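# A closer look at the structure
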Amino acid sequence: MARRKLQRRSLQFASRAIHVGQEPEAATGAITVPIYQTSTFAQSAPGVHQGYDYSRTDNPTRTALQKALASLESANYCLAFSSGMGAATTATLLFKHGDHIVSSRDVYGGTYRLFRRVLQDFGLTFSFVETSNVKGIERVMTRHTRLVWIESPTNPLLRITDIRAAAEIAHRHGALCLVDNTFASPFFQRPLALGADLVLHSTTKYLAGHADVVGGAICLNERSLYERLKFLQNAAGATPSPFDCFLTLRGLKTLALRMREHEKNAIRVAGFLKDQPRVRRVYYPGLSSHPGHEIAAEQMDGFSGIVSFEVKGGLTGARRVLGRLKIFKIAESLGGVESLVELPAVMTHASIPKEERKKSGLDDGLIRLSVGIEDIDDLIFDLESALKSQG
Ligand SMILES: *Cc1c(COP(=O)(O)O)cnc(C)c1O
């Protein structure tokens, strides 16, 4: 009796990351999902196969990854892609000429580029608004609006949007709500439970977590939307390789462990930076001084591992700090076990015109940290040394 009860109980997050979609392989008992490195599958008669006919359409290693990710986002379905941008491009194929999309102003630079410099030429129209004030969304909704695209927390200012309120506005106007959940990961935030229709990930970041693979995913609950996206996944072909799926699955197994450490270290780093005389401002949603702190505390289970801060002396001051850091490596990307640092104004956000950057509050002296899971004393020492020698 007790045992039966135990079996019925659904697994917790950390266990699902290790087991869902990852049963021992039937033929050999292999404990790890194999890399099904094959392009095609033998059919016993024309059109008769075991669920797999061609690896763009479906591949068993990808199926395992999709099941695991769906489970972590508490979603009915997941589709994996060759990159976060592959996922984003495929999602926008749901729409057509004349459709209007409302987007967070400080979305990921690649998303902004896709919208502004690619899709606009296909007749999609866009409004970029500060979605941390949800009233701004309401103001730009039209009868042609089909999608509200939210990023929360945003990159690099960690702005927070009330996802429940944004989804409610989208739905009232007959539009869908998509949340790019890359910065939080499903460990800290599950947007579908807050009313979003689609969750997008760059699995390159926290989900894979080891800076060794590029990938993307979309998770969702609604069946007909899933079927359309599944059709588009195969039709457009931005699908991940079996090896990339294997690497992402391997990273995923430790997601819960890693996210707890990322957050613990980020809280310490944010607290340290806040008291430094050479630091003008610290952006971290876990700080009670952060404008989105209350909403973040309400809709997230934690504040994740990205910390941004402004140093005195603008770009010159920021460059000097980066030049002195030793453990934090200067690189784009984020969410891996190793700590990274970057200057948005000259790296990730350089393609956004200076005027636009200024409008969205992005100072040239802003530094973004992806706080890794190294020993916290080493990270603090590294930051302390780099800031101390500031002239
Ligand atoms: C990196 C990133 C993307 C794009 O993902 P790729 O895997 O690099 O294509 C999209 N959104 C956010 C928030 C990201 O950080």
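Residues numbered from 1 in each chain as written. Predicted model: local features only at pLDDT ≥ 70, side-chain atom pairs only at ≥ 80, totals over all residues. Heavy atoms only, no water.

Moving on, we get to the packing of aromatic side chains. In this structure the tally under the stated criterion is eleven aromatic pairs. Between Phe115 and Trp149, the aromatic rings sit 5.1 Å apart at their centres with planes inclined by 90°, giving edge-to-face as the arrangement. You can see Phe115 sitting in helix α5 (residues 109–117) and its partner Trp149 sitting in strand β4 (residues 145–151), a full 34 residues away along the chain. Trp149 shares its class with Phe115; the two are buried. (Phe/Tyr/Trp six-rings, centres within 6.5 Å; stacked < 30°, edge-to-face > 60°. Helix = DSSP H or I, 4+ residues; strand = E, 2+ residues; numbered from the N terminus. Buried < 20%, exposed > 50% of the residue type's maximum accessible area, 1.4 Å probe, protein only.)

Turning our attention to the state of the cysteines. In total, this model carries zero disulfides according to the counting rule given. No disulfide involves Cys177; its sulfur sits 15 Å from that of Cys219, the nearest cysteine. Residue Cys177 is classed as buried on the basis of its relative accessible area, which comes to 0%. Not part of a disulfide, Cys219 finds its nearest cysteine sulfur in Cys78, a span of 3.8 Å. (Disulfide = S-S within 2.5 Å.)

Let us look at the packing of helix α11 (residues 255–274) against helix α15 (residues 376–388). At a closest axis distance of 10 Å, the pairing of α11 and α15 adopts a crossing angle of 25°. When the interaxial angle is binned, α11 and α15 end up roughly parallel. α15 is crossed by α11, and the crossing has right-handed handedness. From α11, Asn265, Arg268, Val269, Phe272 and Leu273 reach across to α15, where they touch Ile376, Asp377, Leu379, Ile380, Leu383, Glu384 and Leu387. The residue inventory of the contact of α11 with α15, partitioned by class, reads eight nonpolar, one polar and three charged. (Axes fitted to C-alpha atoms, helices over the stretch in contact; angles between N-to-C directions. Parallel < 35°, antiparallel > 145°, perpendicular 65-115°, else oblique. Left-handed = near helix turned anticlockwise from the far one by under 90°. Contact = heavy atoms within 4.5 Å. Nonpolar A, V, L, I, M, F, W, Y, C, P; charged D, E, K, R; others polar.)

Glancing now at the domain arrangement of the chain. Split by domain assignment, the chain resolves into domain 1 (13–252) and domain 2 (255–388). Each of domain 1 and domain 2 was reduced to a C-alpha centroid, and the two centroids are 26 Å apart. Domain 1 puts 36 residues into the contact, and the matching count from domain 2 is 38 residues. Interface area, domain 1 with domain 2, both sides summed: about 3200 Å², of which 63% is carbon and sulfur. It is Leu157, Phe188 and Tyr206 in domain 1 that bury the most area against domain 2; as a group they hold 25% of the surface buried on that side. Our count for the domain 1 to domain 2 interface comes out at one salt bridge. As a salt-bridge pair, Arg190 and Asp301 come within 2.7 Å of each other at their nearest N and O atoms. For the pair domain 1 and domain 2, the interface holds 16 residue pairs in polar contact (both at pLDDT 80 or more). Of all elements in the fold, only α2 (13–19), α7 (163–172), α8 (185–188) and α10 (242–252) reach the threshold of two or more residues within the side of domain 1 that touches domain 2. Per-element tally for the side of domain 1 that touches domain 2: the top contributor is α8, with four residues. A per-class count over the side of domain 1 that touches domain 2 returns 21 nonpolar, nine polar and six charged. (Domains from an automatic or database assignment. Buried area = accessible area lost by both parts, 1.4 Å probe. Salt bridge = Lys/Arg side-chain N within 4 Å of Asp/Glu carboxyl O. Polar contact = N/O pair within 3.5 Å; in protein donor to acceptor, adjacent residues only side chain to side chain.)

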